[in-house]
Amino acid sequence: MHQTPAYDDQHIVVARGLGMRGVRAHYYQGVDLDLAAGRAHAICAENKGGKTELLLTLAGRMLPTEGELTIAGNDARHLRGLDKVRPLAGLGFFERVNDVERVLRVRTVVSAELSLAGKPSGRAATEAYLERWGLADKAATVIDDLERRDYDLLGIALGMAGDPKILVVSDIERDLTEHQSQALARRLCELAHETGACVVCGVNDYDLAACFDTATCITDDARAQRSAWERKNLAKEVA
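Quick caveat, the model's predicted, so the values are computed rather than measured.

Participant: Where do I start with the sheet that holds strand β1 (residues 11-21) in this structure?
Facilitator: Strand pairing in a sheet is mediated by backbone hydrogen bonds. Such pairs are either parallel or antiparallel. Strands sit in the order β2-β1-β4-β5 across an open sheet of 4 strands; the sheet is antiparallel. Two strands bound the open sheet, and with one partner strand each, they are β2 (26-36) and β5 (74-75). Relative to strand β4 (residues 66-71), β1 runs antiparallel, the two being bridged by 5 bridges. Opposite Ala15, over in β4, you have Leu69 as the bridge partner. Contacting β1, β2 and β4, helix α1 (residues 51-58) crosses the sheet at an angle of about 50° to β2.

So this is what it looks like as structure tokens:
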């Protein structure tokens, strides 16, 4: 008999032994999570280590095949549960999932997303929203001309347009300096603290994962990274 993990106002995501099996192997397996609202959480694994699949599971876009998962009180192991979770979750940009047409201007894309979220989406409202995200000077820029940092930030802004309870983000290391990635991590932490959303971000590097409020390692490689990080920081404290 299945027993659904407990949900409370603090832990919006609770998972026990969560896994997803593909045709040849697991995408991820044995994942335990207790993710609080109002906090930013890192999911750490190497490339193709299952981060994307796990993040999309938490956003109600993919179905786990093993274990238990509750999201905002909904049993997310079944399609009926995913239908309830999906409206609660926002996504940053995920390649081949919610890409936008790169020939469009930033203003056009943001206006459309605000409209879909039932928000004012005229020129003034759109530019005010961009101002909140530090993207006002990019309003007329074509998506394909954005610097990678601004592209990632735009994806986060679009994901938050509907005031979701959960925001999932990926790929904040690609084509960015370490400093830029850490700045985005800090921005995600601030976002969670200010809005009360549960922010979940996939990262490759545990040094970056440590910038978040919590970090969960879902592969042996990531756990080895964490052990090395802990030894390094313990040595610094001793010194």
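Alright, that's what it looks like, and here's the rest.
Participant: What is the right way to look at the state of the cysteines in this model?
Facilitator: Two cysteines form a disulfide when their sulfur atoms are joined by a covalent bond. In total, this model carries 0 disulfides according to the counting rule given. A disulfide-free cysteine, Cys44 has its sulfur positioned 4.7 Å from the sulfur of Cys217, the nearest such atom. Relative accessible area serves as the criterion here: at 0%, Cys44 is assigned to the buried category. Free cysteine: Cys198, not disulfide-bonded; nearest cysteine sulfur from Cys189 at 12 Å. Of the residues examined, Cys198 reaches a relative accessible area of 0% and is grouped as buried.

Participant: Whenever I open this one, the nonpolar core confuses me. Can you help?
Facilitator: In terms of nonpolar packing, the biggest core is built from 43 residues, with Trp133, Leu154, Ile172, Leu188, Val203 and Phe212 touching the most fellow members. Of all the elements in the fold, those that place two or more residues in this core are β3 (40-44), α3 (106-116), α4 (123-132), α5 (148-159), β7 (166-169), α6 (178-195), β8 (198-203) and α7 (206-209). If we ignore the near neighbours within four places in the chain, the residues touching Val203 are Ala42, Ile43, Cys44, Ala45, Lys51, Ile172, Glu173, Leu208, Ala209 and Phe212. One finds Leu33, Ala76, Ile166 and Ile218 within the second-largest nonpolar core, a separate group that totals 30 residues.

Participant: Honestly, the pattern of salt bridges in this entry has me stumped. Any pointers?
Facilitator: If the charged atoms of two oppositely charged side chains come close together, the side chains can form a pair. Counted according to the given criterion, the structure contains 18 salt bridges. Residues Arg102 and Asp144 are paired through a salt bridge, measuring 3.6 Å at the closest nitrogen-oxygen approach. A residue pair is termed long-range when its members are at least 10 positions apart, and Arg102 in the loop between β6 (89-91) and α3 and Asp144 in the loop between α4 and α5 qualify at 42 residues. Arg102 gets classed as partly exposed once you look at its relative accessible area, which sits at 38%. The closest approach of N and O atoms between Arg148 and Asp152, which form a salt bridge, is 3.2 Å.

Participant: Teacher, can you tell me more about the pairing of β4 here?
Facilitator: Strand residues, when the strand is regular, have side chains that alternate between the two faces of the sheet. Where β4 meets β5, 2 bridges bridge the pair, whose relative direction is antiparallel. Each residue of the ladder has a partner; that of Thr70, found in β5, is Asp75. From the end of β4 to the start of β5, which pair antiparallel, there are 2 residues, and Ala72 there has a positive phi angle of about 50°.

Participant: Sorry, what's going on with unusual backbone geometry here?
Facilitator: Working note: non-glycine residues mostly have negative phi, and peptide bonds are mostly trans. Despite not being glycine, Lys48 has its phi angle at roughly 65°, a positive value. With respect to the helices and strands, the residue Lys48 is situated in the loop between β3 and α1. Despite not being glycine, Ala72 shows a phi value in the positive range, around 50°. Mapped onto the elements of the fold, Ala72 is located in the loop between β4 and β5.

Participant: Can you walk me through the confidence of the model for the chain in this structure?
Facilitator: The predicted model of the chain averages 93 in pLDDT, with 95% of residues at 70 or higher. Ignoring residues within four places in sequence, the model shows residues 1-8, a span with pLDDT below 50, making 16 contacts including any to other chains.

Participant: Where do I start with the sheet that holds β8 in this structure?
Facilitator: The sheet built from 5 strands is open, its strands ordered β6-β7-β8-β3-β9 with parallel pairing. A single partner strand is all that each edge strand has here, and the edge strands are β6 and β9 (214-217). Averaged over neighbouring strand pairs, the angle between their axes works out to 20° when direction is ignored. Where α1 meets the sheet, its contacts fall on β3, β6, β7 and β8, and the angle it forms with β8 comes to roughly 165°.

Cut-off values and rules
Residues numbered from 1 in each chain as written. Predicted model: local features only at pLDDT ≥ 70, side-chain atom pairs only at ≥ 80, totals over all residues. Heavy atoms only, no water. Pairing = 2+ DSSP bridges. Helix = DSSP H or I, 4+ residues; strand = E, 2+ residues; numbered from the N terminus. Contact = heavy atoms within 4.5 Å. Axes fitted to C-alpha atoms, helices over the stretch in contact; angles between N-to-C directions. Disulfide = S-S within 2.5 Å. Buried < 20%, exposed > 50% of the residue type's maximum accessible area, 1.4 Å probe, protein only. Core = buried A, V, L, I, M, F, W, Y, C linked by side-chain atoms within 4.5 Å. Salt bridge = Lys/Arg side-chain N within 4 Å of Asp/Glu carboxyl O. pLDDT = per-residue confidence, 0-100.

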